[in-house]
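Take a look at the letters that make up each chain.
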Amino acid sequence: MKEGNQIFRSAVRADLEGIVGMLADDHLGRTRENPDLPLERSYEEAFLAISQDPNNELIVAERNGNLAGVLQLTFLPSLTYRGSWRAMIEGVRVAASMRGSGVGGGLIRHAIGLAEEKGCRLVQLTTDKGRPDAVRFYESLGFCTTHEGMKLRLDKGDGIE
């Protein structure tokens, strides 16, 4: 799909290094990701699992032929809301040079459109409390803080914060 001078498409293997670079390029990502080449095998395995799962999509934004942003969209069947589908948006990143240029908003609107096409009843996402600008960004797109998100770390001791 094209919006202005941006193209939104499914990620391909050749995008993986750029995607991991974007994931690592902020104050929280630097503690979680390792963009050093060659990439760790776990990135390849995760990319393959996502690309083979019909309920998952890794979407990239391109601007002027360059990777500008990424997000993962997961479709979840649910018994709640009368057995409806929901969509989960995760791993949203915009290249540092493109932040504030509309790439993120375009990516989110594209993901919402895909969720609507799938017949999803709602779209949900979480954002780290250490990213207050992200909270304001999502609110500007119509997302509301309706629940308190909770997580349980299972990978203690692996050096990732």
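Per an unreviewed UniProt entry, the protein goes by N-acetylglutamate synthase, GNAT family and derives from Bhargavaea beijingensis.

Enquirer: Is there a simple way to explain unusual backbone geometry in this structure?
Expert: Across the chain, the bulk of peptide bonds are trans and the bulk of non-glycine residues have phi less than zero. Following Leu37, the chain continues into Pro38 via a peptide bond in cis, with omega recorded as -5 degrees. Mapped onto the fold, Pro38 is located in the loop between helix H2 (29-32) and helix H3 (41-52). Non-glycine residue Asn64 carries a positive phi angle of around 55 degrees. Considering the arrangement of structural elements, one finds Asn64 in the loop between strand E3 (56-63) and strand E4 (66-77). Of note in the backbone geometry, Tyr81 takes a positive phi value of approximately 55 degrees without being a glycine. Its location among the elements puts Tyr81 in helix H4 (residues 80-83).

Enquirer: Looking at this structure, I do not really get the environment of Trp85. What am I missing?
Expert: Position of Trp85 among the secondary structure elements: in strand E5 (residues 85-94). A C-alpha to C-alpha distance of 29 Å links Trp85 and Pro132, two positions 47 residues apart in sequence. Ignoring any residue separated from it by four or fewer positions in sequence, one finds Trp85 in contact with Asn55, Phe75, Leu76, Pro77, Lys118, Cys120, Arg121 and Leu122.

Enquirer: Would you explain the pairing of E4 in this entry?
Expert: Side-chain positions along a regular strand alternate between the two faces of the sheet. As paired elements, E3 and E4 share eight bridges and run antiparallel to each other. Among the inter-strand pairings, Val60 is bridged to a residue of E4, identified as Val70. Bridging between E4 and E5 involves eight bridges; their strand directions are antiparallel. The residue bridging Leu73 from the neighbouring strand is Ile89, located in E5.

About the cut-offs
Residues numbered from 1 in each chain as written. Predicted model: local features only at pLDDT ≥ 70, side-chain atom pairs only at ≥ 80, totals over all residues. Heavy atoms only, no water. Helix = DSSP H or I, 4+ residues; strand = E, 2+ residues; numbered from the N terminus. Contact = heavy atoms within 4.5 Å. Pairing = 2+ DSSP bridges.

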